[in-house]
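One-letter residues, chain by chain:
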Amino acid sequence: MEKELREYTVLTHAEYEEGIKEGKLLGLRCASCERITCHPMPVCQWCGGRSLERTELSGEGELTTFTVIRVPPEGFEDDVPYIPCLVKTKEGPCVVGRLDYDAERASQVLISKQVKMSGAYTHKGDKFSGGTHTCPVFVVVE
Ligand SMILES: [Zn+2]
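Structural notes, computed from the coordinates. Since we're looking at a predicted model, the values are computed, not measured.

So, how was this worked out
Residues numbered from 1 in each chain as written. Predicted model: local features only at pLDDT ≥ 70, side-chain atom pairs only at ≥ 80, totals over all residues. Heavy atoms only, no water. Donors = N, O, S within 2.8 Å, 3.2 Å for Na, K, Ca; no water. Buried < 20%, exposed > 50% of the residue type's maximum accessible area, 1.4 Å probe, protein only. Pairing = 2+ DSSP bridges. Helix = DSSP H or I, 4+ residues; strand = E, 2+ residues; numbered from the N terminus. Axes fitted to C-alpha atoms, helices over the stretch in contact; angles between N-to-C directions. Contact = heavy atoms within 4.5 Å.

**Re the coordination of the zinc ion**
Next, step 1: Taken together, Cys30 (SG), Cys33 (SG), Cys44 (SG) and Cys47 (SG) make up the protein donors of the zinc ion, found 2.3 to 2.4 Å from the metal.
Next, step 2: Taken in chain order, the donor set of the zinc ion reads C-x2-C-x10-C-x2-C.
Next, step 3: By relative accessible area, which is 1% here, Cys30 ends up buried.
Next, step 4: Judged by relative accessible area, Cys33 falls into the partly exposed class, the value being 26%.

Right, dumping it as structure tokens:
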């Protein structure tokens, strides 16, 4: 099973995170249905197809939802307040990231606003997350 997964992993999660650090939102294009999968998976998130090739997304999309974290989970004490968000990319898949926005001004009005990737955020993690992880940061396009 592990060998089989490696065989089909065109883009690892580590490579996805490295791409974010370089300002690129990487995903996978499916040869069967032409749709884009992101975050990386061994199979197409839409049709389960295994013929995938690496592609770069625009980093643009629509803010689907967000929340403001003021009481941090362990390991995130230095981050508060911060805004985890879900972005529906122009290419289709939804991506988890952080929203770069004033937490005191963040309200429901932001939902469905156009956003674009503006950088990367790496958190040091906690005892549950097994080390550092990097996610895309998005800003609202006025
Ligand atoms: Zn597909």
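**Section: the sheet that holds strand S7 (residues 114-123)**
Next, step 1: Spatial ordering of the closed barrel is given by S4-S5-S6-S8-S7, a layout of five strands whose pairing is mixed. The average undirected angle you get between the axes of adjacent strands in this sheet is 50 degrees.
Next, step 2: Sheet strands touched by helix H2 (residues 13-21): strand S6 (94-99), S7 and strand S8 (133-140). Its angle to S8, the strand with the most contacts, is close to 40 degrees.

**What about unusual backbone geometry?**
Next, step 1: Note that the residue after Cys38, namely His39, is joined by a cis bond; omega there is 5 degrees.
Next, step 2: Each neighbour pair has its own omega, and for Val80 with Pro81 the value is -10 degrees, a cis peptide bond.
Next, step 3: With respect to the element layout, Pro81 can be found in the loop between strand S4 (60-66) and strand S5 (84-89).
Next, step 4: Located in the positive-phi region is Glu34, a residue other than glycine, with phi close to 70 degrees.
Next, step 5: Examined against the element boundaries, Glu34 turns out to sit in the loop between strand S1 (25-30) and strand S2 (36-37).

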